[in-house]
Amino acid sequence: MDTIFLIGGSAGSLKVLLEVLPELSANLTFPIIIILHRKGYVDSQLVNLLNAKTSLNVIEPDDKEPLSPGNIYLAPPDYHLLLEQDKTISLDFSEKFNFSRPSIDITFSSAVKIFKENTFALILSGANADGVEGLKAVKANNGTTLAQNPITAEVNYMPLQAITQSKIDFVLNPSEIATFINKLNVS
Amino acid sequence: MIEPDLIRDEELEKLLIEIAELYGYDFTQYSKASIKRRVNRICVIDKFTSFAELRYQLIKQPSYLQRFIEEITVNVTEMFRDPSFYKALRDDVFPQLDTYPIIRIWLAGCSTGEEVYSLAIIAKETNLIQKTLFYATDINPSVLEKARDGIFPISQMKLYSENYINSGGLKNFSDYYTANYDFARFNDDLKQKMIFSTHNLVSDRSFNEFQLIICRNVLIYFDKDLQAKVFKLFDDSLEHLGFLGLGSKETLRFSQLDKHYHQISTEKIWRKQKEDKRLIKSNNF
Ligand SMILES: C[S@@+](CC[C@H](N)C(=O)[O-])C[C@H]1O[C@@H](n2cnc3c(N)ncnc32)[C@H](O)[C@@H]1O
């Protein structure tokens, strides 16, 4: 397991996830981490909602949870999600970054330190610029950066920021995201 | 800019070892990813232009250590933080504790004390406060001073009162304190059974046997090996059938001790199993 797929999203991105998750292959050979700025979802609601959409396991991890292939990890509200060398998750309750906790920037930059060029990072719809610095870090380590096509985004600010401020390798429509992820599967 | 990466892993490691040797505070086993963020942040706030500058300050200026510890150890806390946790204590744990003639509770990493006052309120409302002793400890002496005072910003009382109600509180929350300008001073009868003391979970040992140990949002800053060590310390300090309460994202699940404990609810509360059960279990191997 040396690949990681990261997804960051804010306003308008849940809709996209609900479209992507059902299309994901049931035996992914790498983990996915989702960082959502969420408002109004009580703890377990969102994880249950996402779980209902996929045969993969969607988990809101505890601190020190080991990553395993085929699992989808959803950053818990109010914690930053960091990765350690041994590929376990560290949750961190420090200051908000970009007015956000969890912060997409923080998870992206932490993950790429561990997974280097095998990091894939995707930015979805949203109304703030969280993620841009993270994408830069991913690019600086030769990872792959992706953004939702802003035309398809309910709120296009975040993917637009991503595209104009960092180097994006792929711009995808929601319907193309699952196919892209499934193709990364190693047999 | 994010993480101005002023710090290389080896340098940080070296500095933490130096601090441990010089001052006896050992942060070498704090979780790497997050301690790096903390140290980076100190460099930014205190305007060090290089890591070497921070190091110089720490080595040459012992008074700076206090500041460093405070930034590294994050002491944010709340009264009745995660109300459902306190509700489980009230409904499921405290009634069990009633069977003991004296109840000893250890709050490890109590920070400025909001947690221990919350517990004292529950103990009072379940009529257990007279026979309960609260040992509240932290690595940082200055937070303990505040905890001893029991004076918290009045601006927080709205939130705390909501938390209190959501945790199953039965009274008028404002009966528990006297408002004085910007501050709320908690009543003396809550404080009578509290004992405050410094205790470093990294280096200090077990100091009593408890029926309930609560250590919330502290282990999250420790790496796996240090967590294992601290779990062992708690295990050594907990009576059979005693309870262990952790923070909402902390778990015994990844620890060796998990098999000797039983999670009592969906909250992060575990109960230590009886000795004989433990023997039977281990005989099975
Ligand atoms: C985030 S606060 C948690 C406060 C409270 N338990 C809560 O959950 O609201 C973390 C506390 O752990 C303390 N701490 C950090 N390292 C420690 C150690 N090695 N031994 C004892 N306390 C420590 C800090 O000083 C701080 O007060």
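Residues numbered from 1 in each chain as written. Chains lettered and ligands numbered in written order. Predicted model: local features only at pLDDT ≥ 70, side-chain atom pairs only at ≥ 80, totals over all residues. Heavy atoms only, no water.

(A) Looking closely at empty space enclosed by the protein. All names here are of chain B. Tallied over the entire structure, the rule returns two cavities of 30 Å³ or more. Its boundaries defined by the atoms lining it, the largest cavity holds a volume of some 350 Å³. Surrounding the largest cavity, 26 residues form its lining, Thr73, Val74, Gly109, Asp138 and Val218 being those nearest its centre. For the lining of the largest cavity, the per-class residue count stands at twelve nonpolar, ten polar and four charged. The computed volume of the second largest cavity comes to approximately 30 Å³. (1 Å grid on protein atoms, 1.4 Å probe; cavity = no way out; pocket = protein on both sides within 12 Å on 5 of 7 lines; lining within 4 Å. Points joined across faces, edges and corners; volume = space filled by probe spheres on them. Nonpolar A, V, L, I, M, F, W, Y, C, P; charged D, E, K, R; others polar.)

(B) Fine view of unusual backbone geometry. Cis geometry marks the peptide bond from Arg101(A) to Pro102(A); its omega dihedral reads 5°. Along the chain, Pro102(A) falls in the loop between strand E6 (89–92) and helix H3 (104–115). One non-glycine residue, Asn142(A), lies in positive phi territory at about 65°. Turning to its location among the elements, Asn142(A) is positioned in the loop between helix H4 (132–140) and strand E8 (144–148). A positive phi angle is found at Tyr181(B), which is not glycine, with a value near 50°. As for its position among the elements, Tyr181(B) is in the loop between strand E4 (177–180) and strand E5 (183–186). (Helix = DSSP H or I, 4+ residues; strand = E, 2+ residues; numbered from the N terminus.)

(C) How the structure looks around the sheet that holds E4(B). All names here are of chain B. Taken together, three strands build an open sheet; the order of strands is E3-E5-E4 and the sheet is antiparallel. The sheet is open, and its two edges are formed by strand E3 (151–153) and E4, each paired on a single side. Across this sheet, the average inter-strand angle for adjacent strands is 30°, counted without regard to direction. Note: E3 against E5, three bridges, orientation antiparallel. Bridged to Ile151 within E5 is Arg185. (Pairing = 2+ DSSP bridges. Axes fitted to C-alpha atoms, helices over the stretch in contact; angles between N-to-C directions.)

(D) Structural context of the environment of Ala123(B). Residue and element names in this part refer to chain B. Looking at the secondary structure, you find Ala123 in helix H6 (residues 114–125). By relative accessible area, which is 0% here, Ala123 ends up buried. Through-space distance from the C-alpha of Ala123 to that of Arg205 is 27 Å; in sequence the pair is 82 residues apart. Every residue in contact with Ala123, bar those within four places of it in the chain, is listed here: Phe94, Leu128, Ile129 and Phe134. (Buried < 20%, exposed > 50% of the residue type's maximum accessible area, 1.4 Å probe, protein only. Contact = heavy atoms within 4.5 Å.)

(E) Region of the structure containing the nonpolar core. Counting residues in each nonpolar core, the largest one holds 76 residues, and the members touching the most others are Tyr30(B), Leu54(B), Leu201(B) and Phe234(B). If one sorts the elements of this core by residue count, H3(A) sits on top with six residues. Core analysis: the second largest hydrophobic core is formed by 43 residues, Tyr86(B), Leu107(B), Leu128(B) and Phe196(B) among them. (Core = buried A, V, L, I, M, F, W, Y, C linked by side-chain atoms within 4.5 Å.)

(F) Region of interest: the domain arrangement of chain B. Residue and element names in this part refer to chain B. Examined at the domain level, chain B breaks down into domain 1 (9–72) and domain 2 (83–279). At the interface, nine residues of domain 1 touch twelve residues of domain 2. The contact between domain 1 and domain 2 buries some 1000 Å² in all, and 51% of this surface belongs to carbon and sulfur atoms. Among the residues of domain 1 in contact with domain 2, Tyr25, Gln29 and Tyr30 are the three that bury the most area, contributing 49% of the side total. Taken together, the links from domain 1 to domain 2 amount to zero salt bridges. The tally of links between domain 1 and domain 2 comes to five residue pairs in polar contact (both at pLDDT 80 or more). (Domains from an automatic or database assignment. Buried area = accessible area lost by both parts, 1.4 Å probe. Salt bridge = Lys/Arg side-chain N within 4 Å of Asp/Glu carboxyl O. Polar contact = N/O pair within 3.5 Å; in protein donor to acceptor, adjacent residues only side chain to side chain.)

(G) Local environment of the side chain of Glu125(B). All names here are of chain B. Residue position: Glu125 is located in helix H6. At 2.6 Å, the side chain of Glu125 forms a polar contact with the side chain of Tyr176. With sequence-adjacent residues up to four places away left out, Glu125 is seen in contact with Arg90, Tyr164, Gly169, Leu170, Lys171 and Tyr176.

(H) Representation of the pairing of strand E1 (residues 4–9) of chain A within the structure. All names here are of chain A. Burial within E1 is extensive, with six of its six residues counted as buried. Neither face of E1 is left uncovered, since the one carrying Ile4, Leu6 and Gly8 and the one carrying Phe5, Ile7 and Gly9 both have all their residues buried. Pairing analysis gives five bridges linking E1 to strand E2 (residues 32–36), with the strands arranged parallel. Paired with Ile7 across the strands is Ile34, a residue of E2. The parallel pair E1 and E2 is bridged by helix H1 (residues 13–20), and the resulting crossover is right-handed. (Right-handed = clockwise from strand over helix to strand, strands pointing away.)

(I) Structural detail: the site of the ligand. Residue and element names in this part refer to chain B. Neighbouring the ligand are 21 residues, the closest being Tyr30, Thr77, Arg81, Asp138 and Asn217. Within the contact set of the ligand, a nitrogen atom lies 2.7 Å away from a side-chain nitrogen or oxygen of Tyr30. One of the backbone N or O atoms of Ile139 is found 3.3 Å from a nitrogen atom in the ligand. Relative to its free-state accessible area of 610 Å², the ligand is covered by the protein chains to the extent of 99%. (Near = heavy atom within 4 Å. Areas by Shrake-Rupley, 256 points an atom, 1.4 Å probe, with all protein chains shown as cover.)

(J) Looking closely at the pattern of salt bridges. All names here are of chain B. Overall, the coordinates contain 33 salt bridges over all chains when judged by the stated rule. Glu10 is paired through a salt bridge with Arg8; the nearest N and O atoms lie 3.2 Å apart. Several salt bridges converge on common partners, so that one network encompasses Arg38, Arg41, Asp46, Arg67 and Glu71.

(K) Structural context of the environment of Phe196(B). Residues and elements named next belong to chain B. Assignment of secondary structure puts Phe196 in strand E6 (residues 194–198). Placed 45 residues apart in sequence, Phe196 and Ile151 show a C-alpha to C-alpha distance of 15 Å. Setting aside anything within four residues of it in sequence, one finds Phe196 in contact with Val116, Ala136, Leu144, Ala147 and Arg148.

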